[in-house]
Amino acid sequence: MDHLNSDQLRAYAVDELDHDTCLDVEIHLATCQHCAERVKALLSVRGNFDQIWETWTVTTHAEEFQVARLRYALSRAPASPDLRERLAQWAAHITESVGTALSVFLDASTHAVSVAQEGLEFLHGMSFPRFEPVPVPFSIAGSGGGQPWAAFVAPTPQWTKVTFDPTQRRALVQSDVPTVPRPLVALVARDGSWAHVAPFRAVEGEAFVLTEFEEIPSGDFLLLIEKTPDNPA
Amino acid sequence: MERRFLAESEELALVEAAIAGDPEAWGILYNAFLLPVRGFIAGRIGVTEDAEDLAQECFIRARRSLDQGLFDRQYRLYTLLRNVALHVVQDYWRHRARADSRLSEQSHRIRSLAAETRSFHEPLERLELLRLVFVCGAKPHQILMFGFVKLLQWRPREIVKERAESSLMSLTDEFLESYYAPLEHYMSQRTFHSTFCAPLLAVMDSPAVEVYGEREYDDRGMSSELAVGSLALKVFFGGDPAANISDWCDRVRTCTRKLIAATNIETHGQSRPRQRGN
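Source: prediction; values computed, not measured. (Residues numbered from 1 in each chain as written. Chains lettered and ligands numbered in written order. Predicted model: local features only at pLDDT ≥ 70, side-chain atom pairs only at ≥ 80, totals over all residues. Heavy atoms only, no water.)

(A) Summary view of the overall build of chain A. For chain A, the helix and strand inventory stands at seven helices and eleven strands. Taken over 233 residues, chain A has a buried fraction of 54%. A separation threshold of at least 6 residues defines the contact pool for chain A, and within that pool the share at least 24 residues apart is 59%. By element, 52% of the accessible surface of chain A is carried by carbon and sulfur atoms, the whole surface being about 9,800 Å². (Helix = DSSP H or I, 4+ residues; strand = E, 2+ residues; numbered from the N terminus. Buried < 20%, exposed > 50% of the residue type's maximum accessible area, 1.4 Å probe, protein only. Contact = heavy atoms within 4.5 Å. Areas by Shrake-Rupley, 256 points an atom, 1.4 Å probe, with all protein chains shown as cover.)

(B) Seen up close, the overall build of chain B. Of the regular secondary structure elements, chain B holds twelve helices and zero strands. For chain B, the α and β elements follow one another from N to C terminus as α-α-α-α-α-α-α-α-α-α-α-α. Relative to its full complement of 278 residues, chain B shows a buried share of 46%. Sequence-distant contacts in chain B: of pairs separated by 6 or more residues, those separated by 24 or more amount to 65%. When the accessible area of chain B is evaluated, it comes to approximately 13,900 Å², of which 50% is carbon and sulfur surface.

(C) Local environment of the interface of chain B and chain A. Counting from both sides, the interface comprises 69 residues of chain B and, opposite them, 58 residues of chain A. Across the chain B/chain A interface, buried area totals approximately 6,400 Å², and carbon plus sulfur atoms make up 60% of it. At the junction of chain B with chain A, the criterion picks out seven salt bridges. With its nearest N and O atoms 2.6 Å apart, the salt bridge here joins E128 of chain B to R38 of chain A. In this structure, the connection of chain B to chain A is made through 21 residue pairs in polar contact (both at pLDDT 80 or more). For the side of chain B that touches chain A, the elements supplying multiple residues, two or more each, are α2 (23-45), α4 (77-105), α5 (109-117), α6 (124-134), α7 (140-151), α9 (168-180) and α12 (241-259) of chain B. Split into classes, the residues belonging to the side of chain B that touches chain A amount to 32 nonpolar, 17 polar and 20 charged. (Buried area = accessible area lost by both parts, 1.4 Å probe. Salt bridge = Lys/Arg side-chain N within 4 Å of Asp/Glu carboxyl O. Polar contact = N/O pair within 3.5 Å; in protein donor to acceptor, adjacent residues only side chain to side chain. Nonpolar A, V, L, I, M, F, W, Y, C, P; charged D, E, K, R; others polar.)

(D) A look at helix α8 (residues 156-163) of chain B. All names here are of chain B. Listed in full, the buried residues belonging to α8 are P156, I159 and R163. End-on view of α8: buried residues confined to an arc of 70°, all on one side of the axis. The exposed set on the far side of α8, more than 90 degrees from its buried face, consists of R157 and K161. At its buried positions, α8 is contacted by α7, α9 and α12. (Arc of directions from axis to C-beta.)

(E) The arrangement of the confidence of the model for chain A in detail. On average, residues of chain A score 83 in pLDDT, and 85% of them are at 70 or above. Mean pLDDT per element in chain A: strand β4 (residues 149-153) of chain A is the minimum at 64, and helix α1 (residues 6-13) of chain A is the maximum at 95. (pLDDT = per-residue confidence, 0-100.)

(F) Fine view of the packing of α7 of chain B against α12 of chain B. Residue and element names in this part refer to chain B. Interhelical geometry of α7 versus α12 gives an angle of 100° and a closest axis separation of 8 Å. Comparing their axes, α12 and α7 come out roughly perpendicular. Note on element contacts: α12 touches α7 through I245, W248, C249, R251 and V252, opposite H141, Q142, I143, M145, F146 and V149. (Axes fitted to C-alpha atoms, helices over the stretch in contact; angles between N-to-C directions. Parallel < 35°, antiparallel > 145°, perpendicular 65-115°, else oblique.)

(G) Geometry of the pairing of strand β2 (residues 112-116) of chain A. On β2 of chain A, burial follows the alternation: V113 and V115 of chain A on one face are buried, whereas A112, S114 and A116 of chain A on the facing-out side are not. Hairpin geometry of strand β1 (residues 98-107) of chain A and β2 of chain A is characterised by an intervening segment of four residues between the two adjacent antiparallel strands and by a positive phi of about 55° at H111 of chain A. (Pairing = 2+ DSSP bridges.)

(H) Focus on the nonpolar core. Residue and element names in this part refer to chain B. Core analysis: the largest hydrophobic core is formed by 108 residues, its most contacted members being I41, L168 and F192. With ten residues, the top contributor of residues to this core is α4. Setting aside residues no more than four positions away along its own chain, L168 makes contact with H141, L144, M204, Y212, V228, G229, L231, L233 and F236. (Core = buried A, V, L, I, M, F, W, Y, C linked by side-chain atoms within 4.5 Å.)

(I) Inspection of the side chain of R44 of chain B at higher detail. Along the polypeptide, R44 of chain B turns up in helix α2. Buried charge R44 of chain B goes without a salt bridge, the closest partner of opposite sign being E26 of chain A at 4.5 Å. Within the local environment of R44 of chain B, its side chain forms a polar contact with the side chain of Y12 of chain A, the two groups lying 2.7 Å apart. (Lys, Arg positive; Asp, Glu negative; His and termini not counted.)

Below you can see the structure in the form of structure tokens.
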């Protein structure tokens with residue numbers, strides 16, 4: 001199906017079309033999601049011009065893209081029905097509901113992983129508790145080589161430790177968050193193509209809670225931990 | 001494809017017959033306008049199952065208006081249907097807002113499911129705004145300086161100091177590259193240039209006299225062979241250059257606002273009534 005062009009869509013949004021042309025456009029909109037979304041956006045610009053204009057910079061534009069992708073990936077992550085409801089709620093309010101976050105690059109082909117905190121401003125506009133990335137001078141059991149990396153958050157008030165094993169493409173996230181329900185932990189591809197989410201679970205005989213992720217694809221992704229009353233940003 | 005709509009006289013006759021109780025006449029009107037009504041709604045809430053339900057609601061309400069003698073015959077029936085559709089859409093958003101508010105205090109179920117089924121949408125408002133700016137009718141140097149000051153957050157004095165000698169073409173390249181860099185994960189460079197920047201790029205090859213007009217052309221002593229892209233930014237300065245740049249940014253805003261006929265009141269697409277003969 002051919003889409004309407006920008007001039008036609010703008011003319012429709014500002015009500016410049018004659019009766020029959022308007023009917024033609026609306027018949028098209030009835031079945032064309034792409035054009036209907038563009039019209040919706042144009043009407044929104046028309047009705048909220050000052051608000052959208054005032055907050056418009058290249059930075060805010062890029063941040064909107066990142067948030068939209070993040071929400072989309074989270075809302076589509078595999079999850080049980082119970083978890084799905086909670087996850088969708090988290091996705092809908094993701095910019096206010098991330099307690100800690102880490103930017104990760106994993107290259108399984110070279111068994112390399114790196115962690116950073118840069119580029120997360122779109123999530124919070126403020127600092128998360130500082131992760132300190134350090135190489136771990138030992139192998140995770142079963143990793144069979146490679147250099148695992150860990151990232152720590154200082155224990156104020158809770159500690160969190162994330163360990164990546166690039167050989168096994170595995171991540172372990174540990175924390176001493178005591179609340180129930182425990183925070184969700186998510187790995188989300190930067191490009192929005194996938195997300196894995198799991199809640200922390202208790203470990204018998206241990207004071208900490210744990211989440212594991214297996215078979216993490218190579219590439220850029222984010223590790224996010226849900227903000228809860230006992231796990232504040 | 002040539003599409004045939006009901007002629008005014010035919011439509012009016014069907015409306016009169018429907019008011020007189022002819023179900024077949026109402027059926028013809030329903031079939032003629034169902035798709036446009038659905039399209040009107042889809043342009044306000046998206047192509048969803050809700051749009052289909054709301055379209056049905058429109059016809060129920062419109063039929064009630066006819067039965068109650070509220071239809072003004074100086075307007076087309078579709079004007080009535082659009083106005084009804086607008087109210088139906090406003091009710092829909094009010095209901096959604098109330099449901100969201102209620103659910104935030106109780107269960108999050110419906111809102112969560114709504115969020116769950118939402119597909120990835122690019123932040124379309126600013127993309128549409130970007131398109132509008134490039135065709136808003138302001139001059140190329142004004143659009144460029146708007147881009148640097150408003151979107152890239154340069155200070156006018158910084159531009160005067162560092163870019164006065166630059167050609168408009170090199171400034172265009174610099175602006176587009178700077179705007180695209182943070183978006184490169186989300187769209188291809190080709191899409192970005194062809195979809196959003198084509199009008200600005202196209203004008204750079206045009207003869208300056210065509211774009212700026214004879215008077216400005218003479219005032220600024222441009223040579224007839226010059227293309228817009230080869231002009232230096234400083235050619236356009238007069239008096240206080242930093243103040244010039246601020247004025248140009250204001251002009252871009254004014255032109256864009258006018259182009260989209262900004263109301264700044266969320267109307268969900270209020271349209272003007274169409275009288276017969278329009």
